[in-house]
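# Structure at a glance
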Amino acid sequence: EGIVLDSNILKLKEGIKGGPEGFDPKKEFINHIQELQLMDERIQRKVEKLEQQCQKEAKEFAKKVQELQKSNQVAFQHFQELDEHISYVATKVCHLGDQLEGVNTPRQRAVEAQKLMKYFNEFLDGELKSEVFTNSEKIKEAADIIQKLHLIAQELPFDRFSEVKSKIASKYHDLECQLIQEFTSAQRRGEISRMREVAAVLLHFKGYSHCVDVYIKQCQEGAYLRNDIFEDAAILCLRVNKQVGDIFSNPETVLAKLIQNVFEIKLQSFVKDQLEECRKSDAEPYLKNLYDLYTRTTSLSSKLMEFNLGTDKQTFLSKLIKSIFISYLENYIEVETGYLKSRSAMILQRYYDSKNHQKRSIGTGGIQDLKERIRQRTNLPLGPSIDTHGETFLSQEVVVNLLQETKQAFERCHRLSDPSDLPRNAFRIFTILVEFLCIEHIDYALETGLAGIPSSDSRNANLYFLDVVQQANTIFHLFDKQFNDHLMPLISSSPKLSECLQKKKEIIEQMEMKLDTGIDRTLNCMIGQMKHILAAEQKKTDFKPEDENNVLIQYTNACVKVCAYVRKQVEKIKNSMDGKNVDTVLMELGVRFHRLIYEHLQQYSYSCMGGMLAICDVAEYRKCAKDFKIPMVLHLFDTLHALCNLLVVAPDNLKQVCSGEQLANLDKNILHSFVQLRADYRSARLARHFS
């Protein structure tokens, strides 16, 4: 229809193009409309025909689906009937099987009983004719029979069947021995499958445990060839662990029995041989061997934890270790502390002997405490001064040896102590360290150093206490490091922690108190030495020369020597201390040094040229004070330098200088005291200007 429509449209277009002649557009249009209507009617009829055909096919399809559903339902019903029939048949078959089994089992038992009776009769007759007993290759079947006969014989009355019971028991024993011998031979040949067969047969015999014992014994033959029994034991257990599961039905029990045998026989014997010899004679090798053996045993136990040994292998292995070492661990801490005391005392005594020094008795009790309190309050030396000849009586080598012994003791304590006793045992070791390191060595050196400090008015005194301070400071650091590294982990979660911290605090406070006292007295001695230098070297003519025009020196000889001495002592203080302690001591020395120079300058009268020389001296002192690197000390000498300007300034400028930045805040009496030192102070003019 589409092609016809297109041709009509083309004809219409050609008619239009053809011009007005013989062409009626209305007529042509009506014709075409009619043609289109006819075409539409034909198409509509065709569509209706197709719809009717489609509806018919849909009905037929629905009818087929219904028929198929009915067929499916029928098939499903047949399937259910078949399933029920199969279930019924299966039930009948099971019932029949049960009936057959019910008939067959008694029959089999009857047959077996008949055979056992036959074999039993042979034992009654006293002659074993059956092949199962005469053929050695059928030992497995014979073992099964004799094991059953042995059980039956036990139920028989002894008076009537004593002879046959004895024969069965004898045969039972013979077969058991043959099986064990066969197992032994198979083990030596390395036939794992045969070992497994024999072990399975022996499982029902009384001698099964003997079979396991034989296996364990033969496993250890040639196993301990090295010098390290612990490594040998680990290799042995690893090897057995790989094969025991292929032989026995209960491998974890067999392996556990092997390990128990190794611990209770081999290791226990080895440990006893190593320890008993030196237990009563020499504590040092005894403790070292005990620690080494216990450590290696626990290491072996850790390796064995990887194996299957049953449910609670941790407890099992712990008990084995305890059984070996319990007699040695019960009194371990007594041996440890006794050895540590004697060893520490020997280290100290050896050191003092090398110095040809006989230790003084420091003393304890009320009198000593009273002396200590008086010394702290008055800073006076009590008792005669001792010349130590520069010896501090502190040795870093001794300290390292003491700390090393204590470190080893802590390590042994950690390993060998019961967890419940560990904090208490560690505290006992710590108290020994405090006794010998802090009291017998450091405290004794401090007391000796204090006694060796000369009085402040001594001439040319040698001050060695700062060397004591330096070494004591180093020792304190080592002591504190061991406290944190080795003691703290052992007591951190116990009440002993606070006790140890308190004891450490008391010891350090006691040492610091003596160090402070010694440093204070040493500073007094330094100032005393400076006084002696000034008294010996400073002359009145230094600041009031006879010839004002012929002064050739920049500063006095006394100033030179004092500054040299001070610089030397400052360097010594810096080398002897660290941290804030250096600044604290240098500040104290600087203040005392300033007071000394201030009071020293107050003793002289100054001419104009002498005043200039005093200013030069103070400038040198101030330069020396810069080495202290303490702002307060430098400020004191700056002020003193400004005060010395009052010795040379013109009378008319005194008030102006006194109101300057550095002197404005000073007391007027201090300013007046310096002005009074001028040689021309008595002149009316100077007094008038300053008033």
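Residues numbered from 1 in each chain as written. Predicted model: local features only at pLDDT ≥ 70, side-chain atom pairs only at ≥ 80, totals over all residues. Heavy atoms only, no water.

## Some words on the overall build of the chain
Condition: For helices the rule is a DSSP run of H or I covering at least 4 residues; for strands it is a run of E covering at least 2, with both sets numbered from the N terminus onward. With a 1.4 Å probe rolled over the protein chains alone, any residue whose accessible area is under 20% of its type maximum counts as buried; one over 50% counts as exposed, and the rest are partly exposed. In this description, contact between two residues means that some pair of their heavy atoms is separated by no more than 4.5 Å. In short, Shrake-Rupley with a 1.4 Å probe defines the accessible areas, and a residue's cover is counted only from the protein chains shown.
Helix and strand content of the chain: 24 helices and zero strands. Buried residues in the chain amount to 38% of all 691 residues. Look at the contacts in the chain between residues 6 or more apart in sequence, and 76% of them connect residues 24 or more apart. Summing over all exposed atoms, the chain offers an accessible surface of approximately 40700 Å²; the carbon and sulfur share of this is 52%.

## A word on the confidence of the model for the chain
How we decide: As a per-residue quantity, pLDDT reports the predictor's confidence and falls between 0 and 100.
In this model, the chain carries a mean pLDDT of 83, and residues with pLDDT of at least 70 account for 80%. Low confidence marks residues 1-5, where pLDDT is under 50. Its contacts with residues over four positions away, or in another chain, come to five contacts. Note on residues 379-384: pLDDT is under 50 here. Beyond four places in sequence and across chains, it has eleven contacts.

## Looking at the environment of His-441
The test is simple: Polar contact criterion, stated in full: a pair of N or O atoms within 3.5 Å, where within protein one must be able to donate a hydrogen and the other to accept it, and residues adjacent in sequence count only if both atoms are side-chain atoms.
Note on placement: His-441 falls in helix α15 (residues 422-451). Taking the C-alpha atoms as reference points, His-441 and Leu-394, separated by 47 residues in sequence, lie 7.0 Å from one another. Sequence-distant contacts of His-441, defined by excluding residues within four places in its chain, comprise Leu-348, Tyr-351, Tyr-352, Phe-393, Leu-394, Ser-395, Val-398, Val-399 and Phe-436. A polar contact of 3.3 Å, which involves the side chain of His-441, links it to the backbone nitrogen of Ser-395.

## Some points on the pattern of salt bridges
Just so we agree on the cut-off: The rule for a salt bridge is simple: a side-chain nitrogen of Lys or Arg has to be within 4 Å of a carboxyl oxygen of Asp or Glu.
Here the structure, examined in full by the defined rule, presents 29 salt bridges. Across the pair Lys-514 and Glu-447 runs a salt bridge whose closest N-O atoms are separated by 2.7 Å. Taken together, the residues Lys-514 in helix α17 (residues 496-537) and Glu-447 in helix α15 connect sequence positions 67 residues apart. Of the two residues, Lys-514 and Glu-447, neither departs from the other in class, the shared state being buried. In this structure, Asp-638 engages Arg-622 in a salt bridge whose closest nitrogen and oxygen atoms are separated by 3.3 Å.

## Digging into a negative patch on the surface
Put simply, the rule reads: Here, patches come from residues exposed beyond 30% relative accessible area and free of salt bridges, joined within 9 Å for like charges and within 5 Å for nonpolar side chains (Val, Leu, Ile, Met, Phe, Trp, Tyr). For the charge count, each Lys or Arg is scored as positive and each Asp or Glu as negative, with His and the chain ends excluded. Lys charges are placed at NZ, Arg charges at CZ, Asp charges at CG and Glu charges at CD.
A cluster of like negative charges, contributed by Glu-506, Glu-509, Glu-512 and Asp-516, occupies part of the molecular surface. Within the secondary structure, Glu-509 sits in helix α17.

## Brief notes about the nonpolar core
To keep things clear, this is the line we draw: Nonpolar core, defined: a set of buried Ala, Val, Leu, Ile, Met, Phe, Trp, Tyr and Cys residues in which side-chain atoms within 4.5 Å join the residues together.
Within the largest apolar cluster, 161 residues are counted, with the highest numbers of intra-cluster contacts made by Tyr-215, Phe-248 and Met-530. Discounting residues that sit within four places of it in the chain, Tyr-215 has contacts with Phe-183, Gln-187, Met-195, Val-240, Gln-243, Val-244, Ile-247, Phe-248 and Val-254.

## Topic: the side chain of Ser-344
With respect to the helices, strands and loops of the structure, Ser-344 is situated in helix α12 (residues 332-354). By relative accessible area, Ser-344 is classed as buried at 4%. Apart from the residues within four sequence positions on either side, Ser-344 is in contact with Leu-402 and Phe-436.

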